[in-house]
Amino acid sequence: MFLFQVVLALGEFLLSRLAQSRLGVLGLLLLAAVGVGIRARRTGLAVGAAVLFTLLMTQA
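In this text, all values refer to a predicted model and were calculated from it rather than measured experimentally.

Taking 1.5 Å per residue, 17 residues should reach 24 Å; helix α3 (residues 43-59) reaches 24 Å between its end C-alpha atoms and fits that length. Among all positions in α3, only Ala-46, Ala-49 and Phe-53 are buried. For α3, the arc enclosing every buried residue in end-on projection is 75°, short of the 170-degree limit, so these residues lie on one face. Facing away from the buried side of α3 by more than 90 degrees, the exposed set consists of Thr-43, Gly-44, Val-47, Thr-58 and Gln-59.

Moving on, we come to a nonpolar patch on the surface. Residues Val-47, Val-51, Leu-52 and Leu-55 make up a contiguous nonpolar surface patch of roughly 360 Å² in combined accessible area. By the secondary structure assignment, Val-51 is in helix α3. Residue classification places Val-51 among the partly exposed positions, given a relative accessible area of 45%.

We now examine the packing of helix α2 (residues 25-39) against α3. α3 packs onto α2 with a crossing angle of 150° between their chain directions and a minimal axis gap of 8 Å. When the axes of α2 and α3 are compared, the pair comes out roughly antiparallel. Here the hand of the crossing between α2 and α3 comes out left-handed. On the side of α2, the interface is formed by Leu-26, Gly-27, Leu-30, Leu-31, Ala-33, Val-34, Val-36, Gly-37 and Ile-38, while α3 contributes Leu-45, Ala-46, Ala-49, Ala-50, Leu-52, Phe-53 and Leu-56. Of the residues contributing to the contact of α2 with α3, the split by class is 14 nonpolar, two polar and no charged.

Thresholds, definitions, all that
- Residues numbered from 1 in each chain as written.
- Predicted model: local features only at pLDDT ≥ 70, side-chain atom pairs only at ≥ 80, totals over all residues.
- Heavy atoms only, no water.
- Helix = DSSP H or I, 4+ residues; strand = E, 2+ residues; numbered from the N terminus.
- Expected span 1.5 Å × (residues − 1).
- Buried < 20%, exposed > 50% of the residue type's maximum accessible area, 1.4 Å probe, protein only.
- Arc of directions from axis to C-beta.
- Patch = residues over 30% accessible without salt bridge, like charges linked within 9 Å, V, L, I, M, F, W, Y side chains within 5 Å.
- Areas by Shrake-Rupley, 256 points an atom, 1.4 Å probe, with all protein chains shown as cover.
- Salt bridge = Lys/Arg side-chain N within 4 Å of Asp/Glu carboxyl O.
- Axes fitted to C-alpha atoms, helices over the stretch in contact; angles between N-to-C directions.
- Parallel < 35°, antiparallel > 145°, perpendicular 65-115°, else oblique.
- Left-handed = near helix turned anticlockwise from the far one by under 90°.
- Contact = heavy atoms within 4.5 Å.
- Nonpolar A, V, L, I, M, F, W, Y, C, P; charged D, E, K, R; others polar.

What follows is the structure, encoded as structure tokens:
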């Protein structure tokens with residue numbers, strides 16, 4: 001269980017660094033909104049932010 005959490009945290013960190021390098025602050029904020037939406041069980045926030053993040057990544 002601990003190893004899974006460490007791998008998940010490392011993946012989140014690497015993904016956030018990639019988003020920040022390609023999209024700047026906006027990508028980082030959208031990625032954070034996805035994480036907050038998932039943890040707060042707000043599917044509308046998580047899905048909306050994920051869709052915007054995906055659209056921005058396809059344009060980058």
